[in-house]
Each structure stands twice: as structure tokens, then as C-alpha cells.
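# Residue-level structural notes
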Amino acid sequence: MPELQSLSRAGLAIVLKWKDGRSQTLAPADLRRACPCALCVNEVTGLAILDPNSVEDDIQILDMQPVGNYAYRLLFSDTHDSGIYRLELLRKLV
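Let us look at the structure shown here.

Parameters and conventions
- Residues numbered from 1 in each chain as written.
- Predicted model: local features only at pLDDT ≥ 70, side-chain atom pairs only at ≥ 80, totals over all residues.
- Heavy atoms only, no water.
- Core = buried A, V, L, I, M, F, W, Y, C linked by side-chain atoms within 4.5 Å.
- Buried < 20%, exposed > 50% of the residue type's maximum accessible area, 1.4 Å probe, protein only.
- Helix = DSSP H or I, 4+ residues; strand = E, 2+ residues; numbered from the N terminus.
- Contact = heavy atoms within 4.5 Å.
- Polar contact = N/O pair within 3.5 Å; in protein donor to acceptor, adjacent residues only side chain to side chain.
- Patch = residues over 30% accessible without salt bridge, like charges linked within 9 Å, V, L, I, M, F, W, Y side chains within 5 Å.
- Areas by Shrake-Rupley, 256 points an atom, 1.4 Å probe, with all protein chains shown as cover.
- Salt bridge = Lys/Arg side-chain N within 4 Å of Asp/Glu carboxyl O.

## Here we look at the nonpolar core
Leu16, Leu31, Tyr72, Leu74, Phe76, Tyr85 and Leu90 are the most contacted members of the largest nonpolar core, which has 22 residues in total. Residue assignment for this core shows that the elements contributing at least two residues are strand 2 (13-18), helix 1 (28-33), strand 4 (61-67), strand 5 (71-76) and helix 2 (87-92). Residue contacts for tyrosine 85: discarding those within four places in its chain leaves Leu31, Arg32, Ala34, Cys35, Pro36, Tyr70, Ala71, Tyr72, Leu74, Phe76 and Leu90.

## Some details on the side chain of arginine 32
Residue placement: arginine 32 occurs in helix 1. Only 3.0 Å separates the side chain of arginine 32 from the side chain of aspartate 78, close enough to count as a polar contact. The residues contacting arginine 32, other than those within four sequence positions of it, are Cys40, Leu50, Val55, Ile59, Phe76, Asp78, His80 and Tyr85.

## Details of a nonpolar patch on the surface
The grouping of Met1, Tyr70 and Ile84 at the surface amounts to a nonpolar patch, some 290 Å² of accessible area in total. On the basis of relative accessibility, which here comes to 62%, the residue methionine 1 falls in the exposed class.

Spelled out as C-alpha cells, the structure:
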């Protein structure tokens, strides 16, 4: 499992720094479009249900809560809050 060194904000974006030296800056809209919850991804097929065009580019992250030592739960300004973003998923996002 990837190890997160730090998590911070840069404007509206989230900056993740990993213990191996890699750094990522993720926009809230990209995170919302990548939501892995059952409302956004079919649990049986794994196919996306969420229409990425339905996510506004100016969406904001209102809160980000750790889930154990392996994930974060995000609350977005569109009131969506059911996604649990495992560190492995966050690491794969560009």
C-alpha cells in the first residue's frame, strides 16, 4: 500500500506527497468524477454510473476525513459524501 507523507491544500486543489517522493495535485472536479462509491460505479460491473459531464468544474471539497490509515472520505459542495477514496486509488489519479 502506498504511504502518504502529507496532505495539504493549494487553493481548491488537494496536494498529496508520498513517502517515495512523488507529489500530486488533484482538482476537486477530478476527484468527484473518480468517486468509487456505489452511486457512481456499478458494484457488479464496475462501470461508471456517474456522468462526468454532470460534475461542475467549480465543485469544491468541503471536508476530507481519514478512514483508518488507508482511505479518505470526501464531502463535496454538491453534497455528495459517500465515496471512500483508498490510498491506492488516490495514487493512481493524475
